[in-house]
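# Structural characterization, general
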Amino acid sequence: MYKVKVYVTLRENVLDPQGNAVKGALHSLSYNEVKDVRIGKFMELVIEKSERDIDELVREMCEKLLANTVIEDYRYEIEEVVAQ
C-alpha cells in the first residue's frame, strides 16, 4: 500500500482573493509581519499496490481531477506503508 500526500496551490501568476482576505485578517490581529498568504489544498490518499506504476497513477489523478492545471500547480509525496 502507498500513502500519497498531494499538495495543490494556485500558480504564482493567479490572484488569490482568499489568501488576501486571510492576510488582511492577520494584519487586523496585529500580525503585520505576514507579507503574503497563498491558500491551497492538501489531500492524503491511501492506494493499494497494483500493476500500474504508482507515480504515473498519481500524476494521472492530479491531472484529471485533483488539480485544475490551468490555474493550479501540484506536487506529491509517495510513501510505501505496511497494510493494516
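With an unreviewed UniProt entry as reference, the chain is termed Phosphoribosylformylglycinamidine synthase subunit PurS, source organism Thermaerobacillus caldiproteolyticus. On record in UniProt, under Pathway (unreviewed entry), the comment for the chain is "Purine metabolism; IMP biosynthesis via de novo pathway; 5-amino-1-(5-phospho-D-ribosyl)imidazole from N(2)-formyl-N(1)-(5-phospho-D-ribosyl)glycinamide: step 1/2." UniProt, in the comment section headed Subcellular location (unreviewed entry), describes the chain in these words: "Cytoplasm".

Attention now moves to the overall build of the chain. Each helix and strand in the chain was counted, giving two helices and three strands. Counting from the amino terminus, helix and strand elements in the chain follow one another as β-α-β-α-β. The C-alpha atoms of the chain give a radius of gyration of 17 Å, which is well past the 12 Å a tight globule of 84 residues would have. When its C-alpha atoms are laid out on the principal axes, the chain stretches across 50 × 30 × 15 Å. A fraction of 68% describes how many contacts in the chain between residues 6 or more apart in sequence connect residues 24 or more apart. Element-wise, carbon and sulfur atoms account for 51% of the exposed surface of the chain, whose accessible area totals about 6,300 Å². Each charge class in the chain was averaged separately, 12 positive and 17 negative side chains, and the resulting centres sit 4 Å apart.

Tallied over the entire structure, the rule returns seven salt bridges. Salt-bridge contacts for Lys41 lead to Glu72; the nearest nitrogen and oxygen are separated by 3.6 Å. On the criterion of sequence distance, the pair formed by Lys41 in strand S2 (residues 40-47) and Glu72 in strand S3 (residues 72-80) is long-range, its members being 31 residues apart. Overall, Glu72 belongs to the buried group, its relative accessible area being 12%. The salt bridge involving Asp55 is made with Arg59; its shortest N-O contact spans 3.1 Å. Residue Asp55 and its partner Arg59 are located together in helix H2 (residues 54-66), separated by four residues, close to a single helical turn. Three or more residues are tied together by salt bridges with common partners; here these are Arg52, Glu60 and Lys64.

Since the α-helix packs 3.6 residues into each turn, any two residues three or four apart lie on the same face. For helix H1 (residues 17-28), spanning twelve residues, the distance from its first C-alpha to its last is 16 Å, which sits close to the expected 16 Å at 1.5 Å a residue. Directly after H1, the chain includes Ser30, whose backbone phi takes a positive value near 70 degrees.

Let's shift gears to the packing of aromatic side chains. This model, assessed by the stated rule, comprises two aromatic pairs. Against the face of Tyr7 rests Arg75, its NZ or CZ located 4.1 Å from the ring centre.

As a further point, take the environment of Ile78. Relative to the assigned elements, Ile78 resides in strand S3. With relative accessibility at 33%, the residue Ile78 sits in the partly exposed group. Here the alpha-carbon distance between Ile78 and Glu44, two residues 34 residues apart in the chain, equals 10.0 Å. When sequence neighbours within four positions are dropped, the list of residues in contact with Ile78 reads Tyr2, Lys3, Val4, Ile54, Asp55 and Val58.

Cut-offs and rules
- Residues numbered from 1 in each chain as written.
- Predicted model: local features only at pLDDT ≥ 70, side-chain atom pairs only at ≥ 80, totals over all residues.
- Heavy atoms only, no water.
- UniProt positions renumbered as here; feature names shortened; annotations may be inferred.
- Helix = DSSP H or I, 4+ residues; strand = E, 2+ residues; numbered from the N terminus.
- Rg over C-alpha atoms; globule rule 2.2 N^0.38 Å.
- Contact = heavy atoms within 4.5 Å.
- Areas by Shrake-Rupley, 256 points an atom, 1.4 Å probe, with all protein chains shown as cover.
- Lys, Arg positive; Asp, Glu negative; His and termini not counted.
- Charge placed at Lys NZ, Arg CZ, Asp CG, Glu CD.
- Salt bridge = Lys/Arg side-chain N within 4 Å of Asp/Glu carboxyl O.
- Buried < 20%, exposed > 50% of the residue type's maximum accessible area, 1.4 Å probe, protein only.
- Expected span 1.5 Å × (residues − 1).
- Phe/Tyr/Trp six-rings, centres within 6.5 Å; stacked < 30°, edge-to-face > 60°.
- Lys NZ or Arg CZ within 6 Å of the ring centre and 35° of its normal.

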